[in-house]
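Single-letter residue listing:
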Amino acid sequence: MEGKITISKTVRYFTHGNPDTAENIWLVLHGYSQLPKFFIRKFQALDPEKNFVVAPEGMHRFYRKGTQGRVGASWMTKEARLDDIEDNHKYLDKLAEHLLKGKSYKQRYLLGFSQGGATATRWHQRGSYNADHFILWASVFPEDISIDEEKSGMLNSNNYFVVGKSDPYFEGKLDEVQSFFEKQDFQTTVKIFDGHHDMDTQTLLEIANECE
């Protein structure tokens, strides 16, 4: 028989930029087996006086190979996935409340890369952050999300889907992805850059400039 209890847990987040001068706040969710202290380096090209970037860490850490060496983090697995989804929403809601307290940023960004994209999408749909700009980067749009609800984050934000032309996870699927977004009730700008399964600084800056 399975039992469950709820506990408190210490979570980490890493930042880039000056929250006292920034006009914009970015919450950026890393991919599977990454750590946010390294992932946030992908955003160093954003003006730190204008942008405050926050990279929270997935709650599950593990050794990437064997029982020692480099460590990665994950947002969830297929095991007890509904519990993890709910825990992620509570965690990110509380983090957003902490970051936004006493602040009035002009624009709120939410970006999810790879596995972090699914978590970001679900939270954007149900959470309290209310992003003005949502960026799904090299990630599949979760099948369990319905946009038929009266309140949908995707219907109230400026949306982007970004992927590398040579991303092995999307090989032969780019036309299918483009067609998916064209059929949705929410508007999404699709950007394809010349690269692999990674962030691309030029494309990131391009989006930031378009959203000004």
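Before reading on, note that the structure itself is shown above.
These numbers were taken from a predicted model, which means no experiment stands behind them.

A look at the packing of aromatic side chains
A complete count under the given rule lists 14 aromatic pairs for this structure. A ring pair is formed by Trp26 and Tyr109, whose centres lie 3.9 Å apart and whose planes are at 5°; its orientation type is stacked. Taken together, the residues span a long stretch of sequence, with Trp26 in strand β2 (residues 24-29) and Tyr109 in strand β6 (residues 107-113) at a distance of 83 residues. By relative accessible area, which is 1% here, Tyr109 ends up buried. Plain terms: the ring middles of Trp137 and Phe193 are 5.9 Å apart, the flat faces sit at 50° to each other, and that makes the pair tilted.

So, the nonpolar core
By size, the foremost hydrophobic cluster in this structure holds 32 residues, and its most contacted members are Ile25, Leu27, Leu110 and Tyr129. Contact partners of Tyr129, with chain neighbours within four places excluded, come to Ile25, Trp26, Leu27, Ala96, Leu100, Arg108, Tyr109, Leu110 and Trp123. The next biggest cluster of nonpolar side chains, apart from the first, holds 22 residues, and it includes Phe39, Tyr109, Ala208 and Cys211.

Topic: the packing of helix α2 (residues 81-100) against helix α3 (residues 115-126)
Running from amino to carboxyl end, α2 crosses α3 at an angle of 65°, the nearest separation of the two axes being 10 Å. Here α2 is positioned roughly perpendicular relative to α3, judged by the angle of their axes. The crossing of α2 and α3 is right-handed. Between α2 and α3, the contacting residues are Arg81, Ile85, Glu86, Asn88, His89, Leu92, Asp93 and Ala96 on the first element and Thr119, Arg122, Trp123 and Arg126 on the second. Residues belonging to the contact of α2 with α3 are distributed by class as follows: four nonpolar, three polar and five charged.

What to know about the environment of Asp83
Considering the arrangement of structural elements, one finds Asp83 in helix α2. In the structure, Asp83 is positioned 53 residues away from His30 in sequence and 20 Å away in space, judged by C-alpha atoms. Reaching out from Asp83, the side chain makes a polar contact with the side chain of Lys4 at a distance of 2.8 Å.

Cut-offs used in this document
Sequence positions are assigned chain by chain, starting from 1 and proceeding in written order. Given that the model is predicted, a residue must reach a pLDDT of at least 70 before its local features are reported, and side-chain atom pairs must reach 80 or more before they are shown or counted; all residues, however, enter totals for whole chains, interfaces and linings. Heavy atoms from the whole structure form the basis of all side-chain values; hydrogens and water molecules are not counted. Classification of ring pairs rests on two measures: the distance between centres of Phe, Tyr or Trp rings, Trp counted by its six-membered ring, which must be within 6.5 Å, and the angle between planes, read as stacked under 30 degrees, edge-to-face over 60 and tilted in between. Put simply, DSSP marks the helices as runs of H or I at least four residues long and the strands as runs of E at least two long, and each gets a number from the N terminus on. We call a residue buried when its accessible area falls under 20% of the maximum for its residue type, exposed when it is over 50%, and partly exposed in between, using a 1.4 Å probe and counting protein chains only. Grouping buried Ala, Val, Leu, Ile, Met, Phe, Trp, Tyr and Cys residues that are joined through side-chain atoms within 4.5 Å yields what is termed a nonpolar core. Any pair of residues with heavy atoms lying within 4.5 Å of one another is described as a contacting pair. Angular values range over 0 to 180 degrees, each being the angle between N-to-C directions of two axes fitted as lines to C-alpha atoms, with helices fitted over their stretch in contact. Any angle between 65 and 115 degrees counts as roughly perpendicular, while under 35 counts as roughly parallel, over 145 as roughly antiparallel, and the rest as oblique. If you view the pair so one helix is near and one far, a crossing is left-handed when the near helix is turned anticlockwise from the far one by less than a right angle, and right-handed when it is turned clockwise. Think of it as three bins: nonpolar holds Ala, Val, Leu, Ile, Met, Phe, Trp, Tyr, Cys and Pro, charged holds Asp, Glu, Lys and Arg, and polar takes everything else, Gly as well. Contacts described as polar in this section are N or O atom pairs within 3.5 Å, which, within protein, must combine one atom able to donate a hydrogen with one able to accept it, while residues neighboring in sequence count only if both atoms come from side chains.

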